[in-house]
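Commentary on secondary and tertiary structure
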Protein chains: 2
Amino acid sequence: MRKGEPILIVGSVALDNVKTPFGEVKDALGGAAVYSSIAASYFAPVRLVGVVGDDFPQKHVSFLSSRNVDLAGLQRMHGQTFRWSGFYEFDLNQAHTLDTQLNVFASFKPEIPEAYRDSKYVFLANIDPELQLQVLEQVRSPKLAICDTMNYWIENKRDALLQVLKRVDVAFMNDSEARQLCGIHSLVRAARQMIELGPRVVIIKKGEHGAIMVSNGTYFSAPCYPLEEVKDPTGAGDSFAGGFIGYVASTDDVSEGNLRKATIYGSTLASFNVQDFSLRRLSSLKPEEIAGRYCEFKQIAHFEDLG
Amino acid sequence: MRKGEPILIVGSVALDNVKTPFGEVKDALGGAAVYSSIAASYFAPVRLVGVVGDDFPQKHVSFLSSRNVDLAGLQRMHGQTFRWSGFYEFDLNQAHTLDTQLNVFASFKPEIPEAYRDSKYVFLANIDPELQLQVLEQVRSPKLAICDTMNYWIENKRDALLQVLKRVDVAFMNDSEARQLCGIHSLVRAARQMIELGPRVVIIKKGEHGAIMVSNGTYFSAPCYPLEEVKDPTGAGDSFAGGFIGYVASTDDVSEGNLRKATIYGSTLASFNVQDFSLRRLSSLKPEEIAGRYCEFKQIAHFEDLG
């Protein structure tokens, strides 16, 4: 592991307050770029571009470095780090935001260090699509560029988001975002409509129902791991993304068949992530745990080998 | 096909009025026993036990007979046939009942003909669990007994339903019913809790998200077929049940591995059923269409063979 091609990840670095029926954390390390970087770091070297304020604890910097996450692109600005406070009800499906303080993130302009611009694998985590476009302007010709987004940008920056979709290879959305973007209920039709907008592959994350991956003419349904207890869903989508791009970079193979395996590695990392708060579970994984759960996914989905 | 062990199916025979955003039908052949019998008839001989009134059209009797559904157990009573009227909104997930007229079904007492009592495969479609118990009293020792149910019985006949669950091998529920019965949100935990109540296997149907099959220590996630258009979801669960028990009876194999394949055959029949109103699509299937879609399911779920 971690022998693959380096991955450029751009997105938020945050300090989170999260409460669920199973506990709570305050000032916990979070943010889309952090969750995805840690997940990806099990597979390949990561180059993180984001921003933090003066209050960002050194222990988090040390932790990220210890996971071989390169921080040459992490900007330090005067002010407070981006903070999110939210809670989840018993069904854990929907995050309820109590407070968002953009702080230094409000004036974030992604500057991709020269040494990062040749990255073959690029993940544009959930940020303003105009910033995602700025990243795409700065990288040379990635072999696989992936974007994620959220309902806020679908509502408020639709045109920029459509520009991003035109230029990426893979788009991630969750089910409600896909329905919102396309204005139709059927996820299969929504995914096929998104393919028309640009990406070669669309992956729709369905939480407890797994994920679907749609490309031109193919359809893959990935099962969800049968967790009996989810403690904190924060970062599930981001750790999915990290596991996905991490596996692809580690194999340097963007074929449809390999992207299916990557979807299962993404599901694997996401399933671990939600078993504890913040990055507790994700920061202490052993490679054999990842391999073991991937095998469980094979068992879970299996009914007959292909003839 | 149709070479398997005979299957006893007990449940409703109905005349339905159904409206969806894609059209409507009036006085259409329906009922849980009918949908499941027609689906099962592609795999094995079916023995249907139910009741109809004087108004039940002879053409429906002829159609069922033409599908090799044995009607020696179909009671004919003076009065009107059971009638259901309902509609679906655009999301097609939830049936809205406009009117239910039990009619002759209100006084239905299942009488299992002597020749049926040795049936190795028994499907108790959604009826009053007290009637399901009466059926179980009359059959000798089925190799596989399966029950289905609905929210109304969970609310109003919980004790009788728990008695049924104690005595069947396989229980089918949809996701909301499983959550309602067990009072917990997690479907995996609900399924495992139901296993404690009696059945060896629990199958939870999740509509557009496929199905999960849980037994003691195993977990199977069946994908859903990527239909872009669903015209009428009526009978989806029943045609799933029919395809499931039909395949098991045709192979006379109740191993966990074979029940997984049966889950896919159930999903196959359900996916055809919802593509048109009433039994239109289900009544004109070709065996090669069933085999073809089963193969598509293998492609849809495949990411790596078991090692």
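Model, not experiment: these values are computed from the prediction. (Residues numbered from 1 in each chain as written. Chains lettered and ligands numbered in written order. Predicted model: local features only at pLDDT ≥ 70, side-chain atom pairs only at ≥ 80, totals over all residues. Heavy atoms only, no water.)

1. So, the pattern of salt bridges
A full pass over the atoms with the stated rule returns 37 salt bridges over all chains. Between Glu114 of chain A and Arg117 of chain A there is a salt bridge, with the nearest N and O atoms lying 4.0 Å from each other. Residue classification places Arg117 of chain A among the partly exposed residues on the basis of a relative accessible area of 25%. Between Asp118 of chain B and Arg47 of chain B there is a salt bridge, with its nearest N and O atoms 3.6 Å apart. In this pair, Asp118 of chain B sits in the loop between strand S7 (95-101) and strand S8 (121-124) while Arg47 of chain B sits in strand S4 (residues 46-52), placing the two residues 71 residues apart along the sequence. Taking relative accessible area as the criterion, Asp118 of chain B reaches 48% and is therefore assigned partly exposed. Relative accessible area serves as the criterion here: at 17%, Arg47 of chain B is assigned to the buried category. (Salt bridge = Lys/Arg side-chain N within 4 Å of Asp/Glu carboxyl O. Buried < 20%, exposed > 50% of the residue type's maximum accessible area, 1.4 Å probe, protein only. Helix = DSSP H or I, 4+ residues; strand = E, 2+ residues; numbered from the N terminus.)

2. Thoughts on the state of the cysteines
All names here are of chain A. Going through the model one piece at a time under the given rule, you end up with zero disulfides over all chains. Free cysteine: Cys147, not disulfide-bonded; nearest cysteine sulfur from Cys182 at 12 Å. With no disulfide of its own, Cys295 lies closest to Cys224 among cysteine sulfurs, the gap being 17 Å. (Disulfide = S-S within 2.5 Å.)

3. Quick word on the pairing of strand S10 (residues 170-174) of chain A
Residue and element names in this part refer to chain A. Taking burial as the measure, the five residues of S10 include four buried ones, the bulk of the element. Direction of pairing for strand S9 (residues 144-147) relative to S10: parallel, over a ladder of two bridges. Considered in S10, the bridge of Cys147 is made with Ala171. Bridge analysis of S10 against strand S11 (residues 201-205) gives five bridges, and the strand direction is parallel. Paired with Phe172 across the two strands is Ile203, which belongs to S11. (Pairing = 2+ DSSP bridges.)

4. Topic: the sheet that holds strand S5 (residues 69-76) of chain A
Residues and elements named next belong to chain A. Pairing in this open sheet of nine strands is mixed, and the strands run S5-S4-S1-S8-S9-S10-S11-S12-S13 from one edge to the other. Each edge of the open sheet carries a strand with a single partner, namely S5 and strand S13 (218-222). With direction set aside, neighbouring strand axes in the sheet form an average angle of 15°. Pairing of strand S1 (residues 7-10) with strand S8 (residues 121-124) involves four bridges; the strand directions are parallel. Bridge pairing in S8 links Val10 to Leu124. (Axes fitted to C-alpha atoms, helices over the stretch in contact; angles between N-to-C directions.)

5. Brief notes about the interface of chain A and chain B
Counting residues at the interface gives 35 residues for chain A, matched by 35 residues for chain B. Carbon and sulfur atoms supply 55% of the area buried between chain A and chain B, which totals about 3500 Å² over both sides. The largest share of the area that chain A buries against chain B comes from Glu228, Phe303 and Leu306 of chain A, three residues that together contribute 22% of it. One can count six salt bridges joining chain A with chain B. Of the charged contacts in the structure, one is a salt bridge between Lys298 of chain B and Glu304 of chain A, with a shortest N-O distance of 3.6 Å. The tally of links from chain A across to chain B stands at 14 residue pairs in polar contact (both at pLDDT 80 or more). At the level of secondary structure, the elements contributing two or more residues to the side of chain A that touches chain B comprise helix H7 (187-197), S13, helix H9 (256-273) and helix H10 (287-301) of chain A. (Contact = heavy atoms within 4.5 Å. Buried area = accessible area lost by both parts, 1.4 Å probe. Polar contact = N/O pair within 3.5 Å; in protein donor to acceptor, adjacent residues only side chain to side chain.)

6. A look at the relation of the copies chain A and chain B
At an RMSD of 0.0 Å, chain A and chain B line up after a rotation of 180° and a shift of 0.0 Å along the axis. Such a combination of rotation and displacement between the chain copies is what one expects of a two-fold axis. The fraction of interface residues of chain A whose copies in chain B are also interface residues reaches 100%, indicating that both copies meet through the same surface. (Least-squares fit on C-alpha atoms with pLDDT ≥ 70 in both.)

7. Re the layout of surface pockets
All names here are of chain A. Taken as a whole, the second largest pocket holds about 230 Å³ of empty space. Contributing to the lining of the second largest pocket are Val25, Lys26, Asp27, Ala28, Leu29, Lys59, His60, Phe63, Ser278, Leu279, Arg280 and Ser283. Of all the secondary structure elements, the ones that give two or more residues to the lining of the second largest pocket are strand S3 (23-30) and helix H2 (58-66). If you tally residues by element for the lining of the second largest pocket, the top one is S3, at five residues. (1 Å grid on protein atoms, 1.4 Å probe; cavity = no way out; pocket = protein on both sides within 12 Å on 5 of 7 lines; lining within 4 Å. Points joined across faces, edges and corners; volume = space filled by probe spheres on them.)

8. Observations concerning the packing of helix H3 (residues 129-138) of chain A against helix H5 (residues 158-167) of chain A
Residues and elements named next belong to chain A. Close contact between H3 and H5 brings their axes to 8 Å; oriented N to C, the two are set at 35°. Relative to H5, H3 is oriented so that their crossing is left-handed. Two secondary-structure elements touch here, H3 through Pro129, Glu130, Gln132, Leu133, Leu136 and Glu137 and H5 through Ala160, Leu161, Gln163, Val164 and Arg167. (Left-handed = near helix turned anticlockwise from the far one by under 90°.)

9. Topic: the sheet that holds strand S2 (residues 14-20) of chain B
Residues and elements named next belong to chain B. Within the open sheet, the four strands sit side by side as S3-S2-S6-S7. Their pairing is mixed. At either end of the open sheet lies a strand with only one pairing partner, and these are strand S3 (23-30) and S7. Between one strand axis and the next, the sheet turns through 15° on average, direction left out of account. For strand S6 (residues 82-88) and S7, the ladder comprises six bridges, and the chain directions are antiparallel. Across the sheet, the residue bridging to Trp84 is Thr100, located in S7.

10. Looking at the pairing of strand S2 (residues 14-20) of chain A
Residues in a regular strand point their side chains to alternate faces of the sheet. Residues and elements named next belong to chain A. For S2, the buried fraction is high: five of the seven residues fall into the buried class. With six bridges connecting them, S2 and S3 associate as antiparallel partners. Following the sheet pairing, Leu15 is matched in S3 by Leu29. Following S2, the chain reverses through two residues before pairing antiparallel with S3. In the sheet, S2 pairs with strand S6 (residues 82-88) via six bridges, with the strands oriented parallel. Looking at the pairing, Asp16 lines up with Trp84 of S6.

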